[in-house]
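# Residue-level structure breakdown
Here are the chains, one letter per residue:
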Amino acid sequence: MALIELKQIFKTYHIGNMRVPVLKGVSLQIAAGELVALMGTSGSGKSTLMNILGCLDRPTSGEYWLNQKEVGRFSADDRANLRNRSMGFVFQSFNLLARASALENVIMPLSYATDTISDREARRRGREMLGRVGLDDRLDHEPSQLSGGQQQRVAIARALINRPPVLFADEPTGNLDSNTSSEVLRMFQELNREDGITIILVTHDPMVAQHADRIIRISDGVIVDDVGYRIEQKPQAVIAGRISDSGDIS
Amino acid sequence: MTIHRTVRTALQALRRNPMRALLTTLGIVIGVGAVIAMMEIGNGSSSAIKKSIASMGANTILILPGTAASGGVSFGSGSVMTLTPQDYEAILRECPSVSSAAPMVRARTQVVYGNRNWVPSAIAGTTPSFLEVRDWMDLSEGEVFSDRDVLNANKVCMLGQTLVRELFQGESPVGKEIRIKNVSFRVVGVLGAKGANMMGSDQDDILIAPWTTIKYRISGSTLTMTNQSSSTSETSSTVNTLSKLYPGSQQSLYPVKSEIQAADNPMPVRFTNIDQILTAAATSEEIPEAIEQITATLRERHRIRQDEAEDFTIRDMTEMTKTLSSTTKLMTNLLLCVALISLLVGGVGIMNIMLVSVTERTREIGLRMAVGARARDILRQFLVESVVLCLVGGGAGILLGHGGSQLVRLFLNWPVENSPGAIAAAVLVSAAVGIIFGYYPAWRASRLDPIEALRYE
Ligand SMILES: Nc1ncnc2c1ncn2[C@@H]1O[C@H](COP(=O)(O)OP(=O)(O)OP(=O)(O)O)[C@@H](O)[C@H]1O
Ligand SMILES: [Mg+2]
C-alpha cells in the first residue's frame, strides 16, 4: 500500500489575469521507506510539487492521499498539525533561528505539538537528536557559530524531532560543498535504512540523485521518467508496520 | 504551546533588540509613569485637604448675618447685625441635628504683653463650646475658661500657639496678664497646635476669650476698625455703611439728623448682636438637616415671611470641601487625559514596531508554520510579545512614577500617598494597550502564507 499517492495533481498560479500552469497532471505513488529523488530542470515545478507533498500548499485540482487520508482537503490547522507530527522539512537555506542555540532550534517544533511535553523531556530529546546527527558537542552554538554542514545537520535534527515518518528536503545540499554534501546524504541514507523514514529530496545534481533508490524526473509540470525500485520490490514491511504502530499520520 | 513557553519565546525575541524594545516602550513608560505620579501626588494632596478640613471641624456650619443693600449696592456679608445670642441659644435648643454651637464676636487689634505686642489674625469672643465645635479639645497648658466667665464677662483668655510664641518666647503664659486695648486679661490656658488651615492661614494665631468680655470691653470700638489710631467713638450698634469704611472721605447719603429730629424719631433700642454663630452637626451626614433646622428656627425668630429673603447666611464646609476636592479632581483628570494620550501614542509606537518586527521575521514565521505552528499559535506569539513589551514598559513606568512622586515628596515636601489601585490599573492598562495595538500586527503575521513567508527575502 502506498504511503503517498498523488492523482492528477494540477497547480496553476494566477498572476493578474495570466494563468501560469506549473503542474499539469502529476500522478505518482511512493511507498513507506523509499528514498526518492525528484529531479528536473529549473522552473520545472519541483519545489511546487514538494510544497504540495509537504502540505504547505494545496493543489488547484487533483487528489493527494497520505496514508489513506485525503489531506488535500484538510483545513489549514489540520495541515499544520499534520506537518508538525508526520513531516519533517529540510530546506536549501537551512532556515535556522539566528539568535537561538542549536538545541533551541531543534526543539522548536515541539512547542507546536498538540501533546505538549515537559521542557526537560523536550531538551532531552533535542540532545538525543543532535547526538544522532553528531553534534552533541555543539548544543549551545548559534547557527552563525556553525559550519554550513553543521547547520544543515541541525536542520535535519529539527526535522526529525517529532519522529515523522516522512522527510522532505528541497535541495538540501544546494548550499554545501561536495564533501559536506555527501556527509549529509549519507545521513539521509542511514535514516532511511535504519529508521525506515521515507525521504523525498529535490535536486538537480545527478551525483546527489545517485544516493536515492528511485529517481523521478519532472519536466514542464509532468513526470517524464520514473527509474528505480517499484513499490512491491522494496522489502519494507518492518517500516510500514512501524508507521502504522505509532499511528503518526492522523 | 504552553503560555510560559510562549512568554519565554517572546522574551527571547525581545532580547534580540533590547535598545529598540526600550525606545518602543518609552511612550508607555512615560504614560504609566505620569499616571502613577499624578495619582500618588493627587491622592496625597486630596487627603491633605481632607485632613485640613477635618482640622477646621468638618461638620462645622457657620451662620453669618445677612447683607445690607442700599440702592443696588450690597455691603457684603456682616453688614447688618441680625444675629443675637438668643438666636444661638434657640439653635442649640431647637435643632436636634446640631450637636454644639458657639457664638462668635470677632475683633482685630493689638495684644500686648510686657514690651512685646502682636496683632493676632483672630480675636474670638465665644463660649467654651467653641472648642467643641472646632474639635479643638486638646489644650497644651492650663484650662478652658468657664461658662461663668462668659456670664460675668470676666477678663480671662486663652492663647493659640503662635501668639504664645510671639509674646512669651518660651515663658509659660498661664496666669500672666496681657492687655488688649488697655484692658488686661488673665491667660488661663494655651490651645494645642492646630497648624495652617487649607487656605494656608495660621489657625494657631488666635486669642479666645468670653464673648461678653470681647463684646462689651473690646469690640465696641474695634469691630469695624482694625486700625486703632483712626478709631472713633462709634458703637457697634450703628448700621455699617460705606461711609464708615472710609472715614477720611465722609459722605452722607442722607441729610444729617438734627438733635430734635433724633428725639422725634427715637431709634429702637437694639439688641446685642453677635458676629457669627458657629455650630457643628452631629455627623457630616446630618449637615443638610441641621442647615434646614437652623434656617427654620432663624426665620421664625427673625419673623421673616415666606416670600422674604433671609437676613442671615449659612455656610458649611461641604461646599468648600466639594469645591476644593473638585479642583484637585479636575487637575487629576486633566493629567490623566495627558497620560492617556501618552499611552495612545505609546500604543501606536508599539504597533509600528510590531509591524516592523513581523516584516523582519517573515521567514521565521514561515519556518514556524512549516514545522506545524497554526495561525493562532503565531497570533498568540506576537500578541504575547507586544503584551510583554507593554508590561515591561508599564513596570518601568510604575517605578519611574513612584520614584518621581517620592522625589517630589523629598524635595518639595508635597504630601504623596501610595496608590495600589493606580498600580493595578497601570498594569491592566499596559496589558490592554499591548493587546489592542499588538493585535493588528499579530493578525497580519498569522495570516501569512507559509510558502511565501519562507521565500521572503
Ligand atoms: N507563487 C508563484 N506565483 C506564480 N508563479 C510561480 C509561483 N511559484 C512558482 N511559480 C512558477 O512556477 C514554476 C515552477 O517553480 P518551482 O519553484 O517549482 O521550480 P523548481 O523546479 O523548484 O525550480 P528550481 O530548480 O530553480 O528551484 C516557475 O516557472 C515559477 O515561475
Ligand atoms: Mg526549487
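Cut-offs used in this document
- Position numbers for residues start from 1 in each chain and track the written sequence from start to end.
- Whichever chain is written first becomes A and whichever ligand is written first becomes 1, with later ones labelled in order.
- In keeping with the model being predicted, local features are shown solely for residues with a pLDDT of at least 70 and side-chain atom pairs are shown and tallied solely at 80 or more, while totals for entire chains, interfaces and linings include all residues.
- Values shown for side chains rest on all heavy atoms present in the structure; no hydrogens or waters enter the calculation.
- We count a stretch as a helix when DSSP gives it H or I for four or more residues in a row; a strand needs E for two or more, and each element gets its number in order from the N terminus.
- Throughout, exposure labels follow a simple rule: accessible area from a 1.4 Å probe, protein chains only, divided by the maximum for the residue type, with under 20% read as buried, over 50% as exposed, and the rest as partly exposed.
- When checking whether two residues touch, look at their non-hydrogen atoms; a contact exists if any pair is within 4.5 Å.
- Calculation of accessible area relied on Shrake-Rupley with a 1.4 Å probe; when residues are assessed, cover is drawn exclusively from the protein chains displayed.
- Cavities and pockets were defined on a 1 Å grid built over protein atoms only: a cavity is a set of grid points that admits a 1.4 Å probe from which the probe cannot escape, a pocket is an open set flanked by protein on both sides within 12 Å along at least five of seven lines, and lining residues are those with an atom within 4 Å of any such point.
- Grid points are joined across faces, edges and corners, and a volume is the space filled by probe spheres set on the points.
- Each residue receives one of three labels: charged for Asp, Glu, Lys and Arg, nonpolar for Ala, Val, Leu, Ile, Met, Phe, Trp, Tyr, Cys and Pro, and polar for the others, Gly being one of them.
- By buried area we mean how much accessible surface two parts lose on assembly, using a 1.4 Å probe and totalling the loss over both.
- Each salt bridge in this description consists of a side-chain nitrogen of Lys or Arg and a carboxyl oxygen of Asp or Glu lying within 4 Å of one another.
- For this analysis, a polar contact is any N or O atom pair within 3.5 Å, provided that within protein one partner can donate a hydrogen and the other can accept it, and provided that sequence-adjacent residues contribute only side-chain to side-chain pairs.
- Along the chain, pLDDT gives the predictor's confidence residue by residue, from 0 to 100.
- Under the convention used throughout, the expected extent of a helix is 1.5 Å for every residue step, that is, one less than its residue count.
- What is called the bend at a residue is the angle between a pair of axes, fitted to the seven residues leading up to and ending at it and to the seven starting from it.
- Aromatic rings from Phe, Tyr and Trp, with only the six-membered ring used for Trp, were paired whenever their centres fell within 6.5 Å, and each pair was classed as stacked if the ring planes differed by under 30 degrees, edge-to-face if by over 60, and tilted otherwise.
- Whether a residue is near a molecule or strand is decided by its heavy atoms; if any one of them lies within 4 Å of it, the residue is near.
- What makes two strands pair is DSSP finding at least two bridges between them.
- Here an axis means a line fitted to C-alpha atoms, over the contact stretch when the element is a helix, while the angle between two N-to-C directions is reported on a 0 to 180 degree scale.
- Small angles under 35 degrees read as roughly parallel and large ones over 145 as roughly antiparallel, with 65 to 115 read as roughly perpendicular and the rest as oblique.
- Helix crossings get a hand from a simple test, with the near helix turned counterclockwise from the far one by less than a right angle marking a left-handed crossing and a clockwise turn marking a right-handed one.
- Handedness is read with the strands pointing away from the viewer; a crossover is right-handed when the path from the first strand over the helix to the second is clockwise.

## Quick notes on the overall build of chain A
Along chain A, the regular secondary structure elements total 8 helices and 10 strands. When the 250 residues of chain A are sorted by exposure, 56% land in the buried category. A sequence separation of at least 24 residues applies to 71% of the contacts in chain A between residues at least 6 apart. Carbon and sulfur atoms form 47% of the exposed surface of chain A, whose accessible area is close to 10,800 Å².

## Remarks on empty space enclosed by the protein
Summed over the entire model, instances satisfying the criterion amount to 2 cavities of 30 Å³ or more. Size it by volume and the second largest cavity reaches roughly 70 Å³. Taken together, A:Arg83, A:Asn84, A:Met87, A:Gly88, A:Phe89, A:Pro109, A:Arg158, A:Ala159, A:Ile161, A:Asn162, B:Ala370 and B:Val371 make up the full set of residues lining the second largest cavity. Put simply, the parts of the chain that give the lining of the second largest cavity at least two residues each are helix H2 (76-86), strand S6 (87-90) and helix H5 (148-160) of chain A. Looking at which element gives the most residues to the lining of the second largest cavity, the answer is S6(A), with 3 residues. The residue inventory of the lining of the second largest cavity, partitioned by class, reads 7 nonpolar, 3 polar and 2 charged.

## Considerations on the interface of chain A and chain B
At the interface, 26 residues of chain A touch 25 residues of chain B. Summing both sides of the interface, chain A and chain B together bury roughly 2,300 Å²; the carbon and sulfur share of this comes to 53%. Sorting the residues of chain A by area buried against chain B places A:Leu56, A:Tyr112 and A:Asp119 first, and these three jointly supply 28% of that buried surface. Applying the counting rule to chain A against chain B returns 3 salt bridges. Between B:Arg8 and A:Asp119 there is a salt bridge; the shortest N-O distance is 2.7 Å. Connecting chain A to chain B are 10 residue pairs in polar contact (both at pLDDT 80 or more). If you tally residues by element for the side of chain A that touches chain B, the top one is H2(A), at 5 residues.

## Some details on the confidence of the model for chain A
The predicted structure's coordinates, where accompanied by low pLDDT, should not be read in detail. Scored by pLDDT, chain A comes out at a mean of 86, with 91% of its residues at no less than 70. Note that residues 231-250 of chain A has pLDDT below 50 and, in this model, 32 contacts with residues that lie over four places away or in other chains.

## Observations concerning helix H15 (residues 420-446) of chain B
Two residues of an α-helix separated by three or four positions point the same way, owing to the 3.6 residues in each turn. With 27 residues, H15(B) extends 37 Å between its outermost C-alpha atoms, agreeing within 8% with the 39 Å of an ideal straight helix rising 1.5 Å per residue. Considering bend angle alone, the principal kink of H15(B) is centred on B:Tyr439 and spans about 45°; proline B:Pro441 follows within four residues of it.

## Description of the packing of aromatic side chains
Where two aromatic rings form a pair, the distance of their centres and the angle of their planes describe that pair. Taken as a whole, this structure holds 5 aromatic pairs over all chains when the rule is applied. Measuring from centroid to centroid gives 6.5 Å for B:Trp211 and B:Tyr216, while their planes differ by 45°, and the two rings are tilted. Using a relative accessible area of 51% as the deciding quantity, one classes B:Tyr216 as exposed. Grouping aromatic residues by their ring pairs yields a cluster made of A:Phe89, A:Phe91 and A:Phe168.

## Re the site of ligand 1
Inspection of the region around ligand 1 gives 13 residues, with A:Ser42, A:Gly43, A:Lys46, A:Ser47 and A:Thr48 positioned closest. Near ligand 1, residues from chains A and B are present, making the site a shared one. The contact in question runs from an oxygen atom of ligand 1 to an N or O atom on the side chain of A:Ser47, over 2.6 Å. Its free accessible area being 630 Å², ligand 1 has 67% of it covered by the protein chains. When residues of the shell around ligand 1 are traced back to their parent elements, those giving at least two are strand S1 (2-15) and helix H1 (46-53) of chain A.

## Remarks on the environment of B:Ser342
Residue and element names in this part refer to chain B. By the secondary structure assignment, Ser-342 is in helix H12 (residues 317-360). Exposure remark for Ser-342: the relative accessible area of 18% places this residue in the buried category. Put simply, Ser-342 and Ala-34 are 308 residues apart on the chain and 8.9 Å apart in space, counted from C-alpha to C-alpha. Leaving out residues up to four positions away in the same chain, Ser-342 has contacts with Gly-27, Ile-30 and Gly-31.

## Quick look at the sheet that holds strand S2 (residues 18-31) of chain A
Across a sheet, paired strands are connected by hydrogen bonds in the backbone, their directions being either parallel or antiparallel. All names here are of chain A. Read across the open sheet, the 4 strands follow the order S2-S1-S4-S5; overall the sheet is antiparallel. Strand pairing shows two members of the sheet lacking a second neighbour, S2 and strand S5 (69-70), which therefore form its edges. Note that S1 and strand S4 (residues 61-66) share 5 bridges and pair antiparallel. Within S4, the residue paired with Leu-6 across the bridge is Tyr-64. The sheet strands contacting H1 are S1, S2 and S4, and the helix crosses S1 at an angle near 125°.

## Focus on the packing of H5(A) against helix H6 (residues 178-195) of chain A
Residues and elements named next belong to chain A. Where H5 meets H6, the axes come as close as 10 Å, and the angle between the chain directions of the two elements is 20°. Here H5 is positioned roughly parallel relative to H6, judged by the angle of their axes. Helix-helix and strand crossings are classified by hand; for H5 and H6 the assignment is right-handed. Contacts between H5 and H6 involve Gly-149, Gln-152, Arg-153, Ile-156 and Leu-160 from the former and Thr-180, Glu-183, Val-184, Met-187, Phe-188 and Leu-191 from the latter. By residue class, the composition of the contact of H5 with H6 is 6 nonpolar, 3 polar and 2 charged.

## Section: the pairing of strand S8 (residues 198-202) of chain A
Residues and elements named next belong to chain A. For S8, the tally of buried residues reaches 5 of 5 residues, placing the bulk of the element in the interior. In S8, alternate side chains face the same way, and those of Thr-198, Ile-200 and Val-202 on one face and Ile-199 and Leu-201 on the other are all buried. Bridging between strand S7 (residues 166-170) and S8 involves 5 bridges; their strand directions are parallel. Note on S8: the bridge partner recorded for Phe-168 is Ile-200. In this view, the connection linking S7 to its parallel neighbour S8 by way of H6 has right-handed handedness.

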